[in-house]
Protein chains: 2
Amino acid sequence: MLKLSRKTEYALMALRHLSGKSAGELTSSKEIAGTYRIPGELLAKTLQQLAREGIVETVQGPHGGYRLKANLNLINLSDFIELLEGPVALTDCSIDNNCSQIMTCTIRTPIHRINEKMKEIFSNTTLAEVMQ
Amino acid sequence: MLKLSRKTEYALMALRHLSGKSAGELTSSKEIAGTYRIPGELLAKTLQQLAREGIVETVQGPHGGYRLKANLNLINLSDFIELLEGPVALTDCSIDNNCSQIMTCTIRTPIHRINEKMKEIFSNTTLAEVMQ
DNA sequence: GTTTAATCCGACTAAAGAAGTCGTATTAAT
DNA sequence: ATTAATACGACTTCTTTAGTCGGATTAAAC
């Protein structure tokens, strides 16, 4: 049904939350999870992933937490989704050629065309725009 | 990862196969499944669904089968996908409001905007175009 | 230095959805 | 009557997603 994963939704909500804080201010994963009723452990893992990717910055220990690191105007939604859930693709054959129907498939090319258009939408949307 | 279901892929391949036949000619589900190595039962069920929706026409009994009924220029991909897999929606809240985060969610509006753009692509593509 | 409150991270379990199979009924040509 | 097709619901299996758990690390506060 072409849905985003919860992980991606949670990540976007968290980034939006962080972008509302003043520069340098730290926010705990717990605060965010509590505010939006997101399962704590899951959000924590997601934020850790964003940290590894350099999108947020972390400080450990008591009074630690997360804050924005990257400029959200410079990250597009396509890259962001691919970071969290892998390739944006309507079909597996947009990713690799390990499809048993590859020789006989008659709809590859048109599907690819549509796939490209879809990716374009995501590519042309920055995270900053999603925060608005 | 925003994928189409196999059912949708199979349906498109089947329609493409049928659209290559001469007007009125019948093709069995088995022939199509064999040609593209699609699990027979699954394709059969899918074709039956397309028949109920008036997209193909069926003739039962020996020498029976399927043939195109609808004009593929007049059916857009959005409606077609929704027929087979339900609403095209990046998030559940694009479909209904049964989301526990509904009161606090901060990304609803921007996600809806993107969702609309995505649906537009599908709406502006006819099945006939996918057959090319 | 012990406690505490936070991140870190892999492994596991549970739930949901998608894909595929099966059995039985119906239809209609031969 | 037989046969080759569709019709369709119920079931099973597989894959992916979502969520949980346990234990480690870090660093502030006491």
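Conventions used here
Residues numbered from 1 in each chain as written. Chains lettered and ligands numbered in written order. Predicted model: local features only at pLDDT ≥ 70, side-chain atom pairs only at ≥ 80, totals over all residues. Heavy atoms only, no water. Helix = DSSP H or I, 4+ residues; strand = E, 2+ residues; numbered from the N terminus. Buried < 20%, exposed > 50% of the residue type's maximum accessible area, 1.4 Å probe, protein only. Contact = heavy atoms within 4.5 Å. Areas by Shrake-Rupley, 256 points an atom, 1.4 Å probe, with all protein chains shown as cover. Lys, Arg positive; Asp, Glu negative; His and termini not counted. Charge placed at Lys NZ, Arg CZ, Asp CG, Glu CD. Domains from an automatic or database assignment. Buried area = accessible area lost by both parts, 1.4 Å probe. Salt bridge = Lys/Arg side-chain N within 4 Å of Asp/Glu carboxyl O. Axes fitted to C-alpha atoms, helices over the stretch in contact; angles between N-to-C directions. Parallel < 35°, antiparallel > 145°, perpendicular 65-115°, else oblique. Left-handed = near helix turned anticlockwise from the far one by under 90°. Near = heavy atom within 4 Å. Polar contact = N/O pair within 3.5 Å; in protein donor to acceptor, adjacent residues only side chain to side chain. Nonpolar A, V, L, I, M, F, W, Y, C, P; charged D, E, K, R; others polar.

A. Spatial organisation of the overall build of chain A. From N to C terminus, chain A includes six helices and two strands. Across the 132 residues in chain A, those meeting the buried criterion constitute 45%. Taking the intrachain contacts of chain A between residues at least 6 apart in sequence as the baseline, contacts between residues at least 24 apart amount to 63%. When the accessible surface of chain A is totalled, it reaches about 6600 Å², and 48% of it is carbon and sulfur. Side-chain charges of chain A comprise 15 positive and 14 negative groups, with the mean position of each set lying 4 Å from the other.

B. Region of interest: the domain arrangement of chain A. Residues and elements named next belong to chain A. As assigned here, chain A comprises domain 1 (6-68) and domain 2 (72-130). Computed from C-alpha atoms alone, the centre-to-centre distance between domain 1 and domain 2 is 26 Å. Facing the 12 residues of domain 1 at the interface are 10 residues of domain 2. Counting the surface domain 1 buries against domain 2, the share from its top three residues, Thr8, Leu12 and Ile55, is 49%. Between the two partners, domain 1 and domain 2, sit zero salt bridges.

C. Inspection of the packing of helix H1 (residues 6-19) of chain B against helix H4 (residues 77-85) of chain B at higher detail. Residue and element names in this part refer to chain B. Contact geometry for H1 and H4: axes closest at 10 Å, N-to-C directions at 125 degrees. Here H1 lies oblique to H4, going by the angle between them. Judged by the sense of rotation from one axis to the other, the crossing of H1 with H4 is right-handed. For the pair H1 and H4, the contacting residues are Lys7, Thr8, Ala11, Leu12 and Leu15 in the first and Leu77, Phe80, Ile81, Leu84 and Glu85 in the second.

D. Expanded view of the protein's contact with DNA strand D. In the region of DNA strand D, 24 residues are neighbours, and Gln60 of chain A together with Ser29, Gln48, Arg52 and Gln60 of chain B sit closest. Within the side chain of Lys45 of chain A, a nitrogen or oxygen atom sits 3.2 Å from a base oxygen of DNA strand D. Within the side chain of Gln60 of chain A, a nitrogen or oxygen atom sits 2.8 Å from a sugar or linking oxygen of DNA strand D. Among the elements of the structure, helix H1 (6-19) and helix H3 (40-52) of chain A together with helix H3 (40-52), strand E1 (56-59) and strand E2 (65-68) of chain B are those that each provide at least two residues to the surface near DNA strand D. Grouping the amino acids of the surface near DNA strand D by side-chain chemistry returns seven nonpolar, 11 polar and six charged.

E. Representation of unusual backbone geometry within the structure. Of note, the phi angle at Leu2 of chain A is positive, near 65 degrees, even though the residue is not glycine. By the secondary structure assignment, Leu2 of chain A is in the segment before H1. Residues other than glycine seldom take positive phi values, yet Arg37 of chain B does so here, at roughly 55 degrees. Tracing the backbone through its elements, the reader meets Arg37 of chain B in the loop between helix H2 (29-36) and H3.

F. Structural context of the pattern of salt bridges. One pass over the full model with this rule turns up 10 salt bridges over all chains. Residue Asp92 of chain B pairs with Arg6 of chain A through a salt bridge whose shortest N-O separation is 3.4 Å. In this pair, Asp92 of chain B sits in the loop between H4 and helix H5 (108-123) while Arg6 of chain A sits in helix H1, so the two residues belong to two different chains. The residue Glu31 of chain A makes a salt bridge to Lys21 of chain A at a minimum N-O spacing of 2.7 Å. Highlighted residues: Glu31 of chain A in helix H2 (residues 29-36) and Lys21 of chain A in the loop between H1 and H2, separated in sequence by 10 residues. For Glu31 of chain A, a relative accessible area of 33% translates into the label partly exposed. When its relative accessible area of 24% is taken as the criterion, Lys21 of chain A is described as partly exposed.

G. Seen up close, the protein's contact with DNA strand C. The immediate surroundings of DNA strand C are formed by 25 residues, with Ser29, Thr58 and Gln60 of chain A together with Arg6 and Gln60 of chain B found nearest. Take the atoms of DNA strand C that sit within 4 Å of the protein: sugar and phosphate atoms are 69% of them. Lys45 of chain A places a polar side-chain atom, nitrogen or oxygen, 3.2 Å from a base nitrogen of DNA strand C. Of all the secondary-structure elements, those providing two or more residues to the surface near DNA strand C are H3, strand E1 (56-59) and strand E2 (65-68) of chain A together with H1 and H3 of chain B. Class assignment of the residues belonging to the surface near DNA strand C gives a composition of eight nonpolar, 11 polar and six charged.

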